[in-house]
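# A structural walkthrough
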Amino acid sequence: MYTKHSMLNYERSSRSRNRNVNGATSRYLGVEKKRISQLEPKLHHKNIYMKYSTLRTHRNTHKPSVTTLCQQGRLKEALKDCLNKKSLEEGKLIHSHMIQAGIKSQGNNKLVSAYAKCGNLTDARRVLDQMSKQNVVVFTVMIAAYARNGLCDQALTLFYEMQRTGILPNQFTFSGILSACKDLKTLRDVHEDVIRGGFETDVFVGNGLIDMYGKCGRVENARELFDKMPQRDVVSWNVMIGGYAQNGHVSDALELFERMPERSVVSWTVMIAGYAQNGQAEDALKLYRRMRAEGVKPNLQTFASVLQGCANLEALEEGMEIHDAIIRNGIQSDVVVESALVDLYAKCGRIDKARDVFDKMCHRNTVSWTSMISGYSQLGQVDKALELFLKMPKKDLVSWTAMIAGYAQNGYGEESLRLFREMQVEGIKPDSNAFASILPACGDLAALEQGIEIHEEIVRSGLGFHVFVANALIDMYAKCGSIENARDVFDNMPQRDVVSWNAMIAGYAMHGCGKEAIAFFEQMQHSDLNPNHVTFVAVLSACRHAGLVDRGLRYFVSMSESYHITPTMEHYSSMVDLFGRAGRLDEAHDFINRMPINPDASVWGGLLGACAIHNNIELGEHAAKQLFELDHKINTPYVALSNIYSAAGKWDDSENLWKMMKVRKVKKRPGCSWIEVNKEVYTFFVGDELYAQMDKNLCSIRDIVYADEGGRLCAGQKICSD
């Protein structure tokens with residue numbers, strides 16, 4: 001029989017033994033974990049990791065679930081676990097247990113934080129509003145959640161509402177609200193609050209101010225704050241470098257980067273990204289190599305940024321080397337890096353490798369889908385691009401724009417316009433990129449009415465100030481035959497780049513206004529912009545239309561001598577055409593013979609076309625022979641040489657060429673025309689039934705084309721006739 005006293009002694013001794021055992025076990029686990037952590041950098045034997053994994057498993061198996069914690073009344077522990085998991089269901093479960101237990105939400109900052117981190121801002125705000133004793137912490141959590149989810153107006157409203165209740169913001173509140181300042185005026189208002197609160201010298205707040213001034217395009221204000229900071233950390237330097245890079249001040253960013261007392265991997269990444277985003281891809285790659293040489297290990301953002309540089313340079317080999325490095329680092333499964341890989345391979349023309357990465361992705365974002373669509377479009381595989389576009393689980397403005405641009409770039413102007421209108425019907429509002437993508441389709445179709453309508457939409461959207469949008473408008477109007485409207489857009493541009501001038505020079509040349517185009521070029525030379533290779537293609541075309549051979553030759557020579565531009569095949573072709581149209585065929589032929597590169601079909605085609613104009617059979621035969629050797633399936637040399645023979649009365653030779661075309665199965669592409677009527681574009685091919693696509697009431701060509709008093713043909717006004 002055990003006495004009460006002996007039972008108590010037994011229980012004490014049992015508890016003591018248990019404590020000793022538990023203590024020994026804990027000490028053993030601690031010693032083993034420490035020993036293995038010391039071995040980990042040196043040894044990679046499988047058994048060591050298995051043992052370490054077993055220890056972790058042993059430690060975690062006793063961790064109770066959130067449900068168990070709630071049932072045991074351990075709600076604070078449950079909330080902490082919910083915050084780590086970001087589980088909305090568990091957050092609601094904890095909340096319900098709090099209500100059942102009669103625990104009110106007063107002062108429960110963690111519950112608001114749990115809802116906010118899970119993305120349920122409605123319930124987070126409801127808990128905040130029900131709190132009788134609100135504090136700066138819970139307001140800060142809610143403000144940051146609004147800002148993080150793009151609800152900037154709600155964040156600002158709550159920020160000022162908090163102050164009206166008598167609760168003053170702290171440095172963390174200001175950090176959250178600064179990211180919600182979407183314009184300069186709001187930022188300056190919050191900056192004044194920072195000064196009144198005495199937080200301007202706080203590093204945390206100062207970094208936020210520098211970052212937001214940079215994002216608002218006011219790098220001078222950001223730099224002023226940076227220079228006045230009594231104390232800076234590595235984040236201060238990083239945000240200032242990022243601000244410079246975002247606004248195109250790459251040299252200033254580099255100057256700060258080189259001055260940094262200490263660099264983190266983020267510092268390197270920000271500078272690499274700055275180079276890549278500003279078109280200095282080669283510098284991005286050089287800095288990446290320097291970073292590796294200095295022993296800095298890249299992170300996900302580094303790889304994504306340097307891959308962007310490789311994609312812009314179409315540097316396939318270096319991109320593949322970085323891909324290998326990504327695999328070695330075991331981070332290929334990251335969606336940002338994978339999307340950058342898809343973009344790299346697509347832009348380098350390796351659509352097979354792009355598709356391989358894309359198909360193996362566990363999660364795909366808009367960037368990966370859009371990169372694949374653009375990649376297929378660049379290779380002319382519009383059907384595959386459309387197939388992917390239709391499979392997208394969720395389409396945004398970027399993906400719609402990619403498909404619209406894909407259609408336009410491959411000559412499917414009607415489909416591009418149809419898809420643009422379909423996008424608007426879906427409620428997606430076009431941005432500057434979407435407008436710039438659809439305007440070339442209007443130009444290629446000469447759809448002036450639709451081009452004017454889209455121009456009006458651009459004006460209403462307030463996006464006409466974008467240089468690249470205005471450039472697209474100039475090009476569209478020029479191709480639609482309205483050079484006056486093109487000039488009007490050019491004259492009203494607040495800022496112009498070299499593309500703006502090129503578009504106007506090419507537009508005048510296209511309309512046969514050679515002298516006006518040359519005058520524009522002379523005016524451009526007196527501006528602060530230097531012409532590029534595209535400028536000279538347009539200028540040489542203008543000289544050809546104006547018959548100014550000697551001036552064209554002078555411009556051609558000045559390309560390399562004055563502007564250090566190496567002539568391309570397009571420039572050589574333009575010069576041959578310039579000599580040929582002026583009847584100086586021998587000079588054209590001599591020019592071809594002196595070319596430092598092998599002439600292609602465009603060069604010999606220009607000479608053959610000139611021979612057809614001036615009935616030079618011998619040189620025409622020579623040019624045609626060169627074209628046959630390059631590609632005997634092209635129909636152009638057969639038709640041009642046949643016309644030369646026919647003009648000279650050599651009917652047998654002309655007929656023999658047509659027979660040769662049949663034997664070689666060369667088909668002449670039918671002529672094509674199109675016309676826009678009531679914002680609908682109608683396309684006609686030689687041999688078509690003219691009225692098959694038209695309304696039954698349009699029973700004669702006079703219904704859609706008429707002559708004005710000056711005898712010029714006009715389109716778009718119908719004259720009804722039975």
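To start, this report covers the structure provided alongside it. (Residues numbered from 1 in each chain as written. Predicted model: local features only at pLDDT ≥ 70, side-chain atom pairs only at ≥ 80, totals over all residues. Heavy atoms only, no water.)

Moving on, we get to the environment of Gln-280. Mapped onto the fold, Gln-280 is located in the loop between α16 (265-277) and α17 (281-293). Among the residues examined, Gln-280 registers a relative accessible area of 27% and is labelled partly exposed. In this structure the C-alpha to C-alpha distance between Gln-280 and Leu-313, which are 33 residues apart in sequence, comes to 9.1 Å. Apart from the residues within four sequence positions on either side, Gln-280 is in contact with Val-250 and Tyr-275. (Helix = DSSP H or I, 4+ residues; strand = E, 2+ residues; numbered from the N terminus. Buried < 20%, exposed > 50% of the residue type's maximum accessible area, 1.4 Å probe, protein only. Contact = heavy atoms within 4.5 Å.)

What follows is about helix α32 (residues 533-546). Between its terminal C-alpha atoms α32 stretches 20 Å, which fits the 20 Å expected from 14 residues at 1.5 Å a residue. Residues Thr-535, Phe-536, Val-537, Ala-538, Val-539, Leu-540, Ser-541, Ala-542 and Cys-543 constitute the buried set of α32. Lining the buried residues of α32 we find α30 (498-510), α31 (514-525), α33 (549-563) and α34 (569-581). With a side-chain oxygen positioned 3.1 Å from the backbone nitrogen of Val-534, the residue opening α32 is Asn-532. (Expected span 1.5 Å × (residues − 1). Polar contact = N/O pair within 3.5 Å; in protein donor to acceptor, adjacent residues only side chain to side chain.)

The subject of this paragraph is unusual backbone geometry. The residue Glu-314 is not glycine, and still its phi comes out positive at about 55°. Take Glu-314: its relative accessible area is 53%, and that puts it in the exposed class.

All right, on to the pattern of salt bridges then. All told, the structure shown has 32 salt bridges when counted by the stated rule. Across the pair Arg-125 and Glu-161 runs a salt bridge whose closest N-O atoms are separated by 3.5 Å. Taken together, the residues Arg-125 in helix α7 (residues 121-130) and Glu-161 in helix α9 (residues 152-164) connect sequence positions 36 residues apart. Among the residues examined, Arg-125 registers a relative accessible area of 19% and is labelled buried. One salt-bridge network, held together by shared partners, links Glu-258, Arg-263, Arg-290 and Glu-294. (Salt bridge = Lys/Arg side-chain N within 4 Å of Asp/Glu carboxyl O.)

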